[in-house]
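# Chain and residue survey
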Amino acid sequence: MRCSPRAVLLLPLPTCRTRRKRPALAKKDHVTGVSTSTFVPPPGPAKLPARMGLPALALLLAAGLLHVQASPLARSFELDYEEDCFRKDGVPFRYVSGSIHYARVPRPAWRDRLLKMYMSGLSAVQVYVPWNYHEPQPGVYDFAGDRDVEAFLDLTAELGLLVILRPGPYICAEWEMGGLPSWLLWKPDIVLRSSDPAYLAAVDSWLHVLLPKIKPRLYQHGGNIISVQVENEYGSYYACDHGYLRHLLGSFRALLGSEVLLFTTDSTRAEELRCGTLQGLYATIDFGPGSNVTEAFGAQRWVEPKGPLVNSEYYTGWLDYWGEAHASTSLVHVARGLEDMLQLGASVNMYMFHGGTNFAYWSGADFKDQYKPVTTSYDYDAPLSEAGDPTEKLFAIRMVISKFQPLPAGPMPPATPKYAYGRVALQKHADLLDALDVLCPSGPIQSRFPLTFEAIKQAHGFVVYRTQLPRDVLEPAMLGAPPHSICDRGYVMLQKEYRGTLERDGQTTVHVMGRAGDTLDVLLENMGRISFGANISDFKGLLGNLSLDSSPLSNWLIYPLDIDAAVKQGWPHAALPKSSRRGRAGPAFYTGTFETPGIPWDTFVKFPGWSKGQLWINGFNLGRYWPRRGPQQTLFVPGSVLHIGRPNNITVLELEGAPSTPLLLFLDQPLFNRTLGHSTVATE
């Protein structure tokens, strides 16, 4: 997602009328692309057949009276260029859709979220497929559990929702590296999102795994996928490589067939539409509330003189960055913009309808003059909250939709129950540096100079870089890093005592004193690879050598940590605590337990007095907390990760400094900026 629109060429906007013979594919002129069509205002809300309520639909399916698996020849979803509309089974059609990311929602909650979207009046959902979520290592695939995209797609079909699929290979989505796997960077000179043969070979291999899973679920083959996006907002990327887009088009056609509707999405900026669109891919646009709808769709007409009007990302809210104000968007503006688009007969997808959570290490980052990491919460101020609760914005949107098509019969499912489990005391288990044997069982890698995460094939999380002071340092000396070489935060310890933090685009020096041979450790944290910006080749770790008073250090031991594997195997709860005489500062693990009174309900955990770190409950990585930086003050804990009838194990990795009395506070509501107050983002 991305991009606020700018002033664009104002052009007349057509709407769908009665059917005539479909013309040949319209030509795209990347220089002029001017439409001469005449705008005909729609007669009012579309009069579409009422959609069945779920109980009636289930009865018909059970009785075999509704033949959803009709002959593929009887099913079609196509463009009508002459009449400027979609046609579904030959009938004029427009969709009202919402985005949901299965990778940000625990599988037990999929049905609840999708049912609420259906009952909101949506006819479709828009779904990203994150490549790195499914191919963590080259040729190693994971489609199980929360990653079972086929099960998710089948559930959308069961609930009567069409799907607009966005399989990438790049997706942005504020997701780690925009969905591209970090192992692509094992080849340091690779040119991502381009015709680089190494990149194309990896893409082709992935598409030959993914797209055969998609093909049987295409609408033409009896499924519910009506369209498939090729790449994502490619016009915003510096490469502007139409050869790359042509390669993708050929691969998608070869693997999905000639009938599937393929499309692109870009902002309304002319230069991005020039680079992001291609003959054979239907060009759609994205813009948010507050935009001049007629002007914005005029940009689409610049590259698509004929065809349906489509806003593929209509922004219901916005994302949060660590250290900035919590973003929200007025429901009045969102509802007004939606109604304006539907009055024009446009198809609209709302981004996001349900945002969810960046669990574990999946949050990405933007680059806008500086590195801007995304929060763990991807609530997005969306109509369905991070916990899946209907909001006032949802009901305002639902009211708008009801003016144009009948809503499903029945009530909106309620918010899921939340429970404030209260205070849970924690105890320090061990300093991180005292647990390297558990966290890095393979032992360290030796190197004269530091190596990046990618060079040692570490995708996420943390790496310890260890060396020794080469001489006595009896007066404070400056330990420093070259510009842009700390990616993204380095926690400095001398003789296992915490000395300070080095930060990308922030503090890059600390002062140290010690004796020759003293151990210097720097714990490097990957805060998420860039998902949007000029170049997403975002290497992690120490990208340059550290120096002591300008004298380079050498002879490093590098420990790639696999904390998640240790925690999933029961550590540290199954191990005895390690004694520590050191103070509270610096990276250390804390543990505790709590029990649920009966049903394990959703909850939110607050970190009073804590600085920054990572939280696991029962081995599930709930993501990063950073109350000292904000705006997010709590982490969402889905009830599905909690146990019934036995203790729930809490593991906290605190990176800088725990409170003197370490405890967590479980609440029944989220907190941002230490209050529930919002700051409003621009809606232009």
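Check the entry above for the structure.
Quick notes on the rules
Residues numbered from 1 in each chain as written. Predicted model: local features only at pLDDT ≥ 70, side-chain atom pairs only at ≥ 80, totals over all residues. Heavy atoms only, no water. Helix = DSSP H or I, 4+ residues; strand = E, 2+ residues; numbered from the N terminus. Areas by Shrake-Rupley, 256 points an atom, 1.4 Å probe, with all protein chains shown as cover. Pairing = 2+ DSSP bridges. Axes fitted to C-alpha atoms, helices over the stretch in contact; angles between N-to-C directions. Phe/Tyr/Trp six-rings, centres within 6.5 Å; stacked < 30°, edge-to-face > 60°. Buried < 20%, exposed > 50% of the residue type's maximum accessible area, 1.4 Å probe, protein only. Lys NZ or Arg CZ within 6 Å of the ring centre and 35° of its normal. Contact = heavy atoms within 4.5 Å. Core = buried A, V, L, I, M, F, W, Y, C linked by side-chain atoms within 4.5 Å. 1 Å grid on protein atoms, 1.4 Å probe; cavity = no way out; pocket = protein on both sides within 12 Å on 5 of 7 lines; lining within 4 Å. Points joined across faces, edges and corners; volume = space filled by probe spheres on them. Nonpolar A, V, L, I, M, F, W, Y, C, P; charged D, E, K, R; others polar. Parallel < 35°, antiparallel > 145°, perpendicular 65-115°, else oblique. Left-handed = near helix turned anticlockwise from the far one by under 90°. Salt bridge = Lys/Arg side-chain N within 4 Å of Asp/Glu carboxyl O. Expected span 1.5 Å × (residues − 1). Arc of directions from axis to C-beta. Polar contact = N/O pair within 3.5 Å; in protein donor to acceptor, adjacent residues only side chain to side chain. Disulfide = S-S within 2.5 Å.

### Some thoughts on the overall build of the protein
Helix and strand counts for the protein come out as twelve helices and 37 strands. Within the structure as shown, the protein displays about 25100 Å² of accessible surface, and the carbon and sulfur contribution to it stands at 56%.

### A word on the sheet that holds strand β2 (residues 85-88)
Pairing is antiparallel across the open sheet formed by three strands, whose spatial order is β1-β2-β3. Edge positions in the sheet fall to β1 (77-80) and β3 (91-93), since each has one partner strand and no second. For this sheet, the mean angle separating the axes of adjacent strands, direction not counted, is 45°. Pairing between β1 and β2: four bridges, direction antiparallel. By the bridge assignment, Asp80 is partnered in β2 with Cys85.

### Examining the packing of aromatic side chains
For any pair of aromatic rings, the description consists of the separation of the ring centres together with the inter-plane angle of the planes. All told, the structure shown has 38 aromatic pairs when counted by the stated rule. Ring centres 5.0 Å apart and planes at 10° place the aromatic pair Trp175 and Trp362 in the stacked group. Note that Trp175 is positioned in the loop between β6 (162-166) and α5 (197-214) and Trp362 in the loop between β12 (347-354) and β13 (365-367), a separation of 187 residues in sequence. In this structure Trp175 comes out as buried when scored by relative accessible area, which is 2%. By way of ring pairs, the aromatic residues Tyr102, Trp110, Tyr133, Phe152, Trp175 and Trp362 are connected into one cluster. Its guanidinium or amino end placed over the ring of Tyr170, Arg193 lies 3.5 Å from that ring's centre, counting from NZ or CZ.

### Quick notes on the environment of Leu180
By secondary structure assignment, the location of Leu180 is in the loop between β6 and α5. As a C-alpha pair, Leu180 and Ser537 span 357 residues in sequence and 10.0 Å in three-dimensional space. Leaving out residues up to four positions away in the same chain, Leu180 has contacts with Trp131, Asn132, Pro169, Tyr170, Leu192, Arg193, Tyr199 and Ile536.

### Some points on the nonpolar core
Across soluble globular proteins, nonpolar side chains show a tendency to be buried alongside one another. Of all hydrophobic cores here, the largest spans 139 residues; its most connected members are Leu192, Leu432 and Leu561. The element that contributes the greatest number of residues to this core is α5, accounting for nine residues. Those residues in contact with Leu432 that lie beyond four places of it in its chain are Leu439, Val464, Leu523, Leu561, Pro587, Ala588, Phe589 and Leu653. Phe359, Tyr421, Tyr590 and Phe607 belong to the second-largest nonpolar core, a separate cluster that totals 26 residues.

### Section: empty space enclosed by the protein
Summed over the entire model, instances satisfying the criterion amount to six cavities of 30 Å³ or more. The computed volume of the largest cavity comes to approximately 50 Å³. Residue lining of the largest cavity: Asp431, Leu432, Leu433, Met493, Lys496, Ala585, Gly586 and Pro587, and that is the complete set. Taken together, the residues of the lining of the largest cavity break down into five nonpolar, one polar and two charged.

### Considering the sheet that holds strand β19 (residues 473-480)
Spatially, four strands are ordered β23-β19-β27-β28 in an open sheet, and the strand pairing comes out antiparallel. Every interior strand has two partners, whereas the edge strands, β23 (509-514) and β28 (551-552), have only one. The pairing of strand β27 (residues 547-548) with β28 spans two bridges and is antiparallel. The partner of Leu548 across the bridge, within β28, is Ser551.

### Things to note about the environment of Pro383
Relative to the helices and strands, Pro383 is located in the loop between β14 (371-373) and α10 (392-402). Ignoring any residue separated from it by four or fewer positions in sequence, one finds Pro383 in contact with Thr316, Met352, Phe353, Asp389, Pro390, Thr391, Lys393, Leu394 and Ile397.

### Here we look at the packing of helix α9 (residues 331-343) against α10
Packed helix pairs are specified by the crossing angle of their axes together with the interaxial distance, meaning the distance between the axes. Where α9 contacts α10, the axes come no closer than 9 Å and their chain directions differ by 20°. One way to sum up the angle between α9 and α10 is to call them roughly parallel. Where α9 crosses over α10, the two elements pack in a sense that is right-handed. On α10, the residues touching Leu331, Val334, Ala335, Leu338, Glu339 and Leu342 of α9 are Glu392, Lys393, Ala396, Ile397, Val400 and Ile401. Its residues assigned to classes, the contact of α9 with α10 shows nine nonpolar, no polar and three charged.

### Let's talk about the pattern of salt bridges
Applying the stated criterion to the full structure yields 36 salt bridges. Residue Asp84 pairs with Lys306 through a salt bridge whose shortest N-O separation is 3.3 Å. Of this pair, Asp84 sits in the loop between β1 and β2 while Lys306 sits in the loop between α8 (293-303) and β10 (310-315), and the two are 222 residues apart along the sequence. Residue Lys540 is joined to Asp488 by a salt bridge in which the shortest nitrogen-to-oxygen separation is 2.6 Å. Of this pair, Lys540 sits in the loop between β25 (530-532) and β26 (541-542) while Asp488 sits in the loop between β20 (486-487) and β21 (489-494), and the two are 52 residues apart along the sequence. A relative accessible area of 1% places Asp488 in the buried class. One network of salt bridges, with partners in common, ties together Arg489, Glu503, Arg628, Arg629 and Glu656.

### Some details on α9
Taking 1.5 Å per residue as the helical rise, α9 with its 13 residues ought to reach 18 Å, and the 18 Å between its terminal C-alpha atoms agrees with that figure. Every buried residue of α9 is accounted for by Val334, Ala335, Gly337, Leu338, Met341 and Leu342. In a view along the axis of α9, the buried residues occupy a sector of 165°, so they form one face of it. Summarising the contacts, the buried residues of α9 are in contact with β4 (96-100), α8, β10, β12 and α10. Sitting at the head of α9, Ser330 places a side-chain oxygen 3.1 Å from the backbone nitrogen of Val332. Positive phi appears at Gly345, one or two residues downstream of α9, with a value of about 80°.

### Re the environment of Leu642
Here Leu642 lies in the loop between β34 (634-637) and β35 (648-654). Residue classification places Leu642 among the buried residues on the basis of a relative accessible area of 7%. Placed 22 residues apart in sequence, Leu642 and Phe620 show a C-alpha to C-alpha distance of 9.5 Å. Residues in contact with Leu642, not counting those within four places in the same chain, are Tyr421, Phe594, Thr596, Pro600, Trp601, Ile617, Asn618, Val637 and Asn648.

### Concerning the state of the cysteines
Evaluation of the coordinates by the stated rule reveals one disulfide. Covalent S-S linkage joins Cys240 and Cys275, the inter-sulfur distance amounting to 2.0 Å. Between Cys240 and Cys275, the disulfide has an S-S torsion of -90° and is therefore left-handed. With Cys240 in the loop between β7 (225-229) and α6 (242-256) and Cys275 in helix α7 (residues 270-276), the pair connects residues that are 35 residues apart, well separated along the chain. The exposure class assigned to Cys240 is partly exposed, which follows from its relative accessible area of 28%.

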